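Residue-level structural notes
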Amino acid sequence: MPTWTRTLREAGVTEPDLCAAYGQQRRFVRRFRAAEYLTVRLLLPARLHPSVVAAVAFMHETDERVDTGTREARGAALESWASATRAVLDGATAPDATLRALADTAKRHPQLPGYVAAFLRGARHEVDYTGFDTEEGLQSYVDGYSLPAFMLLTCLLEREESADDEVFVRCCRDLIEAMQRIDFLDDLAEDAVQGRVGIPGKDLERHGLSVEALRSPTDAVRGRLGQLVAEQVEMTRPPLSASERLVDLAAPGTRPFVIALLEVQELRLRAIGRKGGGLVDGAARPSVPALLGVLARQYRAARRIR
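Residues numbered from 1 in each chain as written. Predicted model: local features only at pLDDT ≥ 70, side-chain atom pairs only at ≥ 80, totals over all residues. Heavy atoms only, no water.

**Section: the overall build of the protein**
- Across its full length, the protein holds 16 helices and 0 strands.
- Taken against the 2.2 N^0.38 rule, which gives 19 Å for 306 residues, the C-alpha radius of gyration of the protein at 20 Å falls within 12% of a compact globule.
- Expressed as lengths along the three principal axes of its C-alpha atoms, the size of the protein is roughly 60 × 45 × 35 Å.
- A buried classification covers 54% of the 306 residues belonging to the protein.
- Contacts in the protein between residues at least 24 apart in sequence constitute 73% of all its contacts with a sequence separation of at least 6.
- Here the protein has roughly 14,200 Å² of accessible surface; of this, 50% comes from carbon and sulfur atoms. (Helix = DSSP H or I, 4+ residues; strand = E, 2+ residues; numbered from the N terminus. Rg over C-alpha atoms; globule rule 2.2 N^0.38 Å. Buried < 20%, exposed > 50% of the residue type's maximum accessible area, 1.4 Å probe, protein only. Contact = heavy atoms within 4.5 Å. Areas by Shrake-Rupley, 256 points an atom, 1.4 Å probe, with all protein chains shown as cover.)

**What about the pattern of salt bridges?**
- Inspection of the entire model under this criterion finds 23 salt bridges.
- The salt bridge partner of arginine 196 is aspartate 67, with a shortest N-O separation of 4.0 Å. On the criterion of sequence distance, the pair formed by arginine 196 in the loop between α10 (188-193) and α11 (201-206) and aspartate 67 in the loop between α4 (49-65) and α5 (71-89) is long-range, its members being 129 residues apart.
- As a salt-bridge pair, glutamate 234 and arginine 237 come within 3.8 Å of each other at their nearest N and O atoms. On the criterion of helical spacing, the pair formed by glutamate 234 and arginine 237 is a turn pair, its members being 3 residues apart in helix α13 (residues 219-242).
- When salt bridges that share partners are traced, they join Glu135, Asp143, Arg173, Glu177 and Arg181 into one network. (Salt bridge = Lys/Arg side-chain N within 4 Å of Asp/Glu carboxyl O.)

**Observations concerning the side chain of histidine 60**
- Mapped onto the elements of the fold, histidine 60 is located in helix α4.
- Among all residues touching histidine 60, those that are not within four sequence positions of it are Phe28 and Phe32.

**So, helix α15 (residues 255-275)**
- Taking 1.5 Å of rise per residue, the 21 residues of α15 would be expected to cover 30 Å, and the 31 Å separating its terminal C-alpha atoms lies within 8% of that figure.
- For α15, the complete set of buried residues consists of Pro256, Phe257, Val258, Ala260, Leu261, Leu262, Gln265, Leu267, Arg268, Leu269, Ala271 and Ile272.
- The inward-facing, buried residues of α15 contact α3 (34-43), α8 (135-154), α9 (165-186), α13, α14 (246-249) and α16 (288-305).
- Among the residues trailing α15, glycine 276 stands out with phi positive, at a value near 55 degrees. (Expected span 1.5 Å × (residues − 1).)

**Things to note about α3**
- Within α3 the residues assigned to the buried category are Tyr37, Thr39, Val40, Arg41, Leu42 and Leu43.
- Tucked into the core, α3 has its buried residues touching α1 (4-11), α2 (16-32), α4, α15 and α16.

Below is the structure:
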């Protein structure tokens with residue numbers, strides 16, 4: 001793994017204030033997304049590390065601002081943050097390190113500002129989120145919020161010159177739908193306590209379940225949930241499988257990262273399937289040796305490419 005100083009140099013970041021801003025985002029991401037941070041540092045070309053770190057830190061900061069307080073307070077926080085972000089991307093002086101690093105990343109990656117704008121518009125879905133009544137509601141959430149958020153990262157990845165933009169975005173959409181479904185299943189116990197879950201209400205009803213039942217589960221509830229989880233796992237497999245096309249669209253230098261991302265989702269999905277109705281008691285945990293195996297294999301692949 002290259003030192004952070006070398007990483008900044010390879011990315012062309014030399015101005016002391018910018019180095020400090022990126023360094024702060026690095027510490028931030030390393031603290032709240034340790035596994036993802038390590039994956040980026042080991043598997044992506046060093047020249048991309050500062051930009052990816054800046055994008056992930058911006059996403060997290062936005063989520064934090066829209067995830068606390070009343071709906072009205074969260075909406076106001078989003079509007080204020082979106083306004084500040086737009087101003088900085090238009091050339092205003094950044095008020096903090098997060099936006100300073102984001103603005104510099106946008107200059108280096110001209111495709112980023114459009115995705116930032118889409119992400120901020122879509123963040124209203126998160127402000128208004130109370131769960132879904134139907135599958136259509138979940139799909140709208142993925143299109144409006146999950147995909148724009150994911151594109152903040154994936155738009156920075158280097159692609160094959162022949163890669164078609166529409167196909168790339170469509171594959172990203174398949175992958176983030178699968179990842180979002182996996183997250184909703186894995187977070188089921190925690191979300192139920194908060195009174196909202198990511199499985200559509202109509203699907204819960206078909207299995208004789210409710211959010212209230214998930215908050216105080218019985219063996220019968222776990223049994224019915226097991227059937228629902230198996231159903232949801234099967235619904236997740238087609239988009240996850242379709243997203244494998246991203247491997248061929250990625251440039252060789254970013255391919256190990258993409259492969260690792262896909263393989264980790266498969267491990268998570270298998271763990272969720274095994275836990276079944278037990279998800280109401282807590283998240284599934286993929287095998288640590290299996291996760292380390294993915295990282296080790298793709299790290300060796302990345303080293304061979306470099």
